[in-house]
Amino acid sequence: MDLRPEEISSIIKTQIKNYETKIEQAEVGTVILVGDGIAKAHGLENCMANELLEFEGGDIGMALNLEENVVSIVLLSNANDIKEGSVVRRTGRVASVPVGEAMLGRVVNALGQPIDGKGPIETEMTRPIESVAPGIIKRKSVSVPLETGIKAIDTMIPIGRGQRELIIGDRQTGKTTIAVDTIINQRGKDVLCVYVAIGQKNSTVTQLAETLDKAGAMPYTIIVSATASETSPLQYIAPYSGCAMAEYFMAQGKDVLIVYDDLSKHAVAYRALSLLIRRPPGREAYPGDVFYLHSRLLERAARVDAAYGGGSITALPIIETQAGDVSAYIPTNVISITDGQIYLESELFHAGIMPAVNPGISVSRVGGSAQLKAMKKVSGPLKLLYSQYRELQSFAQFGSDLDADTKRRLATGERIVEVLKQNKTSPVRAGCQVAIVFAAVNDYLRDVPVDKVALYEKELCAFMDAEHADFITAVEANQYDGQLSDELEKAVSTFTDRFVKTL
């Protein structure tokens, strides 16, 4: 072997020239227990809550419990190569997700990594998954409507931008359908959407992405998915990750709609996590801070004052009940946090009334001040007429001789129910909603057979679009006044006469 002294000396000189006396200090700990997606480590004395920790094999965990001698870590990645005695290192960063315009149109996991097979997402910013909700001074009252395109909701249970409206009901009653239809209806309305799927099947999330894509809603939507096959820690952080992505857009003064589907499964994932890290169980084995789990998430939805950048996050959390029991632990918690609820009833769903909204116990506490003026005017008597019909219906089935007034009320109620029925992924414009509800409430449908009400509605909308486009535009621009009311009455009356003659 031929050694050349000049080469060796040049290498030594280079090493001396580039020598740095910097000492890299890292705080490390040792894993003393691992299993079920949980690790306990000793030696991380200065660890922060929610700090990301790195194991020697490259796996990532998040510090959840800071105890006197050990730190309980939830594992956010594959934990197969973590064992007792493994070294764990502090990163100095709290759990964060990538945020930015590039996230729109993509399906990502709870850590913000793409899972749709469309390649990497190029983003420049990250945001912590946990952040403080806007304070009282920064908030502005709800006054701008968020139109769902669903007649039963826009008329009787209106939602405003910055509101938190709970969708609650048993399984298979159409909760997700309402949320998806609302996302589809935001097309062209300058509202960005985030859909968070917690504990659902992979096939369900795929189907939902296809539905949104087909409806042209994916370009303004982010889907955050933590499916049932993923670990409890990922299901636990998914809604906070989705909210961090929404907050990025709110900080830019944009309006965002976020759907949490569903928080029942989120609470169950958190319960599993808490029991594994030995937190003391409370009612139904949920930990004591299960209320705070959802309150700190839903309080981040707000309408921010223009002086602080404007923008809003409207939250539609979903809760699944068991046998219609809204007084259970998690449902009552979330009801007390939100600004109202849309209650879906199994009986109505099985009777073919879809969406199966029960207007009796559904309420929107702040949405009324955001409702379009024309919608508020025409839908005023709607809830009362509907409730009276439901009451009369239960009595009418026992009696055969009914007086003329009761028969008339029942006939009106039947037509109102028919008007409020709606197919999924077919949102109705606000102007058309005003026209058909006006016709139903003012008894213009009395000569229209119940089975022809859907046809009447379709043709009325076409007639209004063709011959009264200015009226539709004025209603949707919230320029309602008394003169518009006269025009609406004349238009509906003219159309009804024409329609009834064709029957």
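It should be noted that the structure appears before, not after, this text.
Draft legend 1. Structural context of the packing of helix α5 (residues 232-250) against helix α6 (residues 263-276). Put simply, α5 and α6 touch, their axes get as near as 8 Å, and they point 135° apart. Considering their axes alone, α5 and α6 lie oblique with respect to each other. Crossing handedness for the pair α5 and α6: left-handed. Contacts between α5 and α6 involve S232, P233, Q235, Y236, P239 and Y240 from the first element and K265, H266, A269, Y270, A272 and L273 from the second. Among the residues forming the contact of α5 with α6, the class breakdown is eight nonpolar, three polar and one charged.

Draft legend 2. Expanded view of the pairing of strand β13 (residues 255-261). Extensive coverage of β13 is indicated by the burial of seven of its seven residues. Taking every second residue as pointing to the same face, both faces of β13 are buried, with D255, L257, V259 and D261 on one and V256, I258 and Y260 on the other. When strand β11 (residues 191-198) meets β13, the two strands line up parallel, connected through seven bridges. Within β13, the residue paired with V196 across the bridge is Y260. Pairing geometry for β13 and strand β14 (residues 312-320), over six bridges, is parallel. Looking across to β14, one finds that V256 is bridged to I313.

Draft legend 3. Up close: the side chain of H294. With respect to the helices and strands, H294 occurs in helix α7 (residues 290-298). Relative accessible area serves as the criterion here: at 1%, H294 is assigned to the buried category. Look past the residues within four positions of H294 in its chain and what remains in contact with it is L263, H266, A267, I330, V334 and I337.

Draft legend 4. Region of interest: the environment of Y248. Looking at where Y248 falls in the secondary structure, it is placed in helix α5. Overall, the relative accessible area of 12% leaves Y248 in the buried class. Separated by 99 residues in sequence, Y248 and G149 place their C-alpha atoms 26 Å apart. With sequence-adjacent residues up to four places away left out, Y248 is seen in contact with V99, G100, E101, M125 and R127.

Draft legend 5. Region of interest: α5. In this model, α5 (19 residues) spans 28 Å end to end at C-alpha, consistent with the 27 Å of a helix rising 1.5 Å per residue. Along α5, the helix axis deviates most sharply at A238, where the bend reaches about 35°; the proline P239 sits within four residues downstream. Across the 19 residues that make up α5, a large majority, 18, are buried.

Draft legend 6. Molecular detail of the environment of P114. Along the chain, P114 turns up in the loop between β8 (107-108) and β9 (125-128). Setting aside its immediate chain neighbours within four residues, P114 contacts R106, V107, V108, G119, P120 and I121.

Draft legend 7. Molecular detail of the sheet that holds strand β2 (residues 38-42). Spatially, β1-β2-β5-β4-β3-β6 is the arrangement adopted by the six strands of the closed barrel, whose pairing is antiparallel. Strand-to-strand, the axes of this sheet are offset by a mean angle of 45°, without reference to chain direction. Sheet topology places strand β1 (residues 28-35) next to β2; five bridges connect them, and they run antiparallel. When the bridges of β2 are listed, V31 appears paired with A41.

Draft legend 8. A look at helix α16 (residues 482-502). The first and last C-alpha atoms of α16 sit 31 Å apart over 21 residues, in line with the 30 Å expected at 1.5 Å per residue. Taken residue by residue, α16 has L484, S485, L488, A491, V492, F495, T496 and F499 as its buried positions. The arc that holds the buried residues of α16, viewed along the axis, is 130°, so those residues lie on one side. When the buried face of α16 is taken as reference, the exposed residues oriented beyond 90 degrees from it are Q483, D486, K490 and K501.

Draft legend 9. A look at the pattern of salt bridges. Tallying each qualifying case throughout the model produces 23 salt bridges. Among the salt bridges present, the one from E67 reaches K40, with a minimum N-O distance of 3.7 Å. Taken together, the residues span a long stretch of sequence, with E67 in the loop between β4 (60-66) and β5 (70-75) and K40 in strand β2 at a distance of 27 residues. For E67, a relative accessible area of 35% corresponds to the partly exposed category. With its nearest N and O atoms 3.9 Å apart, the salt bridge here joins E284 to R283.

Draft legend 10. The arrangement of the environment of S72 in detail. Within the secondary structure layout, S72 lies in strand β5. Residue contacts for S72: discarding those within four places in its chain leaves A39, K40, M62, A63, L64, N65, E67 and I277.

Draft legend 11. Seen up close, the packing of aromatic side chains. Within this structure, the stated rule accounts for nine aromatic pairs. Ring geometry for Y236 versus Y240: centroids 5.7 Å apart, planes at 65°, classification edge-to-face. Highlighted residues: Y236 and Y240, both in helix α5, separated by four residues, approximately one helical turn. Residue Y236 shares its accessibility class with Y240, and that shared class is buried.

Draft legend 12. Structural view of the sheet that holds β13. Taken in spatial order, the eight strands make up an open sheet running β8-β12-β11-β13-β14-β10-β15-β16, and their pairing is mixed. The strands lining the two open edges of the sheet, one partner per strand, are β8 and β16 (363-364). Strand direction decides the pairing type here: β11 and strand β12 (residues 221-226), joined by six bridges, are parallel. Residue pairing across strands places Y195 opposite I223, the latter belonging to β12. The strands touched by helix α8 (residues 329-337) within the sheet are β10 (166-169), β14 and β15 (340-344), with β10 carrying the most contacts at an inclination of about 155°.

Procedures and definitions
- Residues numbered from 1 in each chain as written.
- Predicted model: local features only at pLDDT ≥ 70, side-chain atom pairs only at ≥ 80, totals over all residues.
- Heavy atoms only, no water.
- Axes fitted to C-alpha atoms, helices over the stretch in contact; angles between N-to-C directions.
- Helix = DSSP H or I, 4+ residues; strand = E, 2+ residues; numbered from the N terminus.
- Parallel < 35°, antiparallel > 145°, perpendicular 65-115°, else oblique.
- Left-handed = near helix turned anticlockwise from the far one by under 90°.
- Contact = heavy atoms within 4.5 Å.
- Nonpolar A, V, L, I, M, F, W, Y, C, P; charged D, E, K, R; others polar.
- Buried < 20%, exposed > 50% of the residue type's maximum accessible area, 1.4 Å probe, protein only.
- Pairing = 2+ DSSP bridges.
- Expected span 1.5 Å × (residues − 1).
- Bend = angle between axes of the 7 residues up to and from the residue.
- Arc of directions from axis to C-beta.
- Salt bridge = Lys/Arg side-chain N within 4 Å of Asp/Glu carboxyl O.
- Phe/Tyr/Trp six-rings, centres within 6.5 Å; stacked < 30°, edge-to-face > 60°.

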